[in-house]
Amino acid sequence: KDDSIKINQSELINEERIHENESIMSFSLNYYFLSDKLAVLEETTKNGSVFNRKEYLNLLRNIVSALGINVEGQSFNLEGISWPVAGGFSSSTDQKLAVQQMLNGYVRRKFQEAQFANLLIFADTIYDSVTSKKKSDAINDYFKDVDGFHITICQGLREMLARPELKKNVWNSLQPLRKRITSG
């Protein structure tokens, strides 16, 4: 009898180790519809950050304003979703697929609610879930044929606040989006 208790305990310990090794993605997304030309999806960490919400919003306002969107009178009412929404995935690939499906479904629903021409995504951990392109390919601006709008993906606001030297690269990567907004 004592042996079976020891075995069960060691099985539990092993099972806990297995679950500790799985990296559980955890993030929140804030969605802002700013005009028919631009909607924004901003990734934030669930566990908070050294920066406060005001610093995020100031950076977001500055970027959006520089893109040619009038931010005067914009309330930046956020609507958001969080992950994880449900418990245990049998593998990290299952989790990645579930995150991808959730993001695609959410973006598609938002597009159906308000037809925007461009979606700007500030992404850290979700980069690979938003696009089939790899971060290293540097293709962060493309037309999504299936839905009929452009997607532009760049560094998350948190990362830019933590490492201001990234802002120049991000701004350069936003130029195709800026052209579309200002020429329209």
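These notes cover the structure that comes with them. (Residues numbered from 1 in each chain as written. Predicted model: local features only at pLDDT ≥ 70, side-chain atom pairs only at ≥ 80, totals over all residues. Heavy atoms only, no water.)

**Examining the pairing of strand S4 (residues 118-123)**
The two faces of a sheet get side chains in turn, since along a regular strand they alternate between them.
Then, number 1: Most of S4 sits out of view: six of its six residues are buried.
Then, number 2: Side chains of S4 alternate between two faces, with Asn118, Leu120 and Phe122 and Leu119, Ile121 and Ala123 buried alike.
Then, number 3: Where strand S2 (residues 38-44) meets S4, four bridges bridge the pair, whose relative direction is parallel. For Val40, the partnering residue across the bridge sits in S4 and is Leu120. (Buried < 20%, exposed > 50% of the residue type's maximum accessible area, 1.4 Å probe, protein only. Helix = DSSP H or I, 4+ residues; strand = E, 2+ residues; numbered from the N terminus. Pairing = 2+ DSSP bridges.)

**Notes on the environment of Pro176**
Then, number 1: Considering the arrangement of structural elements, one finds Pro176 in helix H7 (residues 175-183).
Then, number 2: Sequence separation of Pro176 and Leu67 is 109 residues, and the distance between their C-alpha atoms is 10.0 Å.

**Focus on the nonpolar core**
Then, number 1: Grouped together as the largest cluster of nonpolar side chains are 26 residues, with contacts concentrated most on Leu38, Val40, Leu60, Leu120 and Phe122.
Then, number 2: Listed by contribution, the elements that provide at least two residues to this core are strand S1 (27-35), S2, helix H2 (53-66), S4, helix H5 (157-162), helix H6 (166-173) and H7.
Then, number 3: The biggest single contributor to this core is H2, with six residues.
Then, number 4: Not counting residues up to four positions away in its chain, the partners in contact with Leu38 are Phe33, Val64, Leu67, Ile69, Phe116, Asn118, Leu120, Leu177 and Ile181. (Core = buried A, V, L, I, M, F, W, Y, C linked by side-chain atoms within 4.5 Å. Contact = heavy atoms within 4.5 Å.)

**With respect to the packing of H6 against H7**
Then, number 1: Taken N-terminus to C-terminus, the directions of H6 and H7 make an angle of 45°; their axes are 5 Å apart at the nearest point. With respect to H7, the element H6 is oriented oblique. Across the interface between the two elements, Trp171, Asn172 and Ser173 of H6 pack against Gln175, Pro176 and Arg178 of H7.
Then, number 2: Its residues assigned to classes, the contact of H6 with H7 comprises two nonpolar, three polar and one charged. (Axes fitted to C-alpha atoms, helices over the stretch in contact; angles between N-to-C directions. Parallel < 35°, antiparallel > 145°, perpendicular 65-115°, else oblique. Nonpolar A, V, L, I, M, F, W, Y, C, P; charged D, E, K, R; others polar.)

**Remarks on the side chain of Asp147**
Then, number 1: Within the fold, Asp147 resides in the loop between strand S5 (141-144) and strand S6 (149-155).
Then, number 2: Ignoring anything within four residues of it in the chain, the contact list for Asp147 reads Arg108 and Phe111.

**Observations regarding the packing of aromatic side chains**
Then, number 1: Per the stated rule, a full pass over the model turns up five aromatic pairs.
Then, number 2: Taking the centre distance of 6.2 Å and the plane angle of 90° together, the rings of Tyr31 and Tyr106 count as edge-to-face. Note that Tyr31 is positioned in strand S1 and Tyr106 in helix H3 (residues 92-113), a separation of 75 residues in sequence. Both residues of the pair, Tyr31 and Tyr106, belong to the buried class.
Then, number 3: Their ring planes at 70° and their centres at 5.1 Å tell us that Phe116 and Phe149 sit as a pair that is edge-to-face. Within this pair, whereas Phe116 is found in the loop between H3 and S4, its partner Phe149 is found in strand S6, the two being separated by 33 residues in sequence.
Then, number 4: What links up through ring pairs into an aromatic cluster is the set Phe111, Phe116 and Phe149. (Phe/Tyr/Trp six-rings, centres within 6.5 Å; stacked < 30°, edge-to-face > 60°.)

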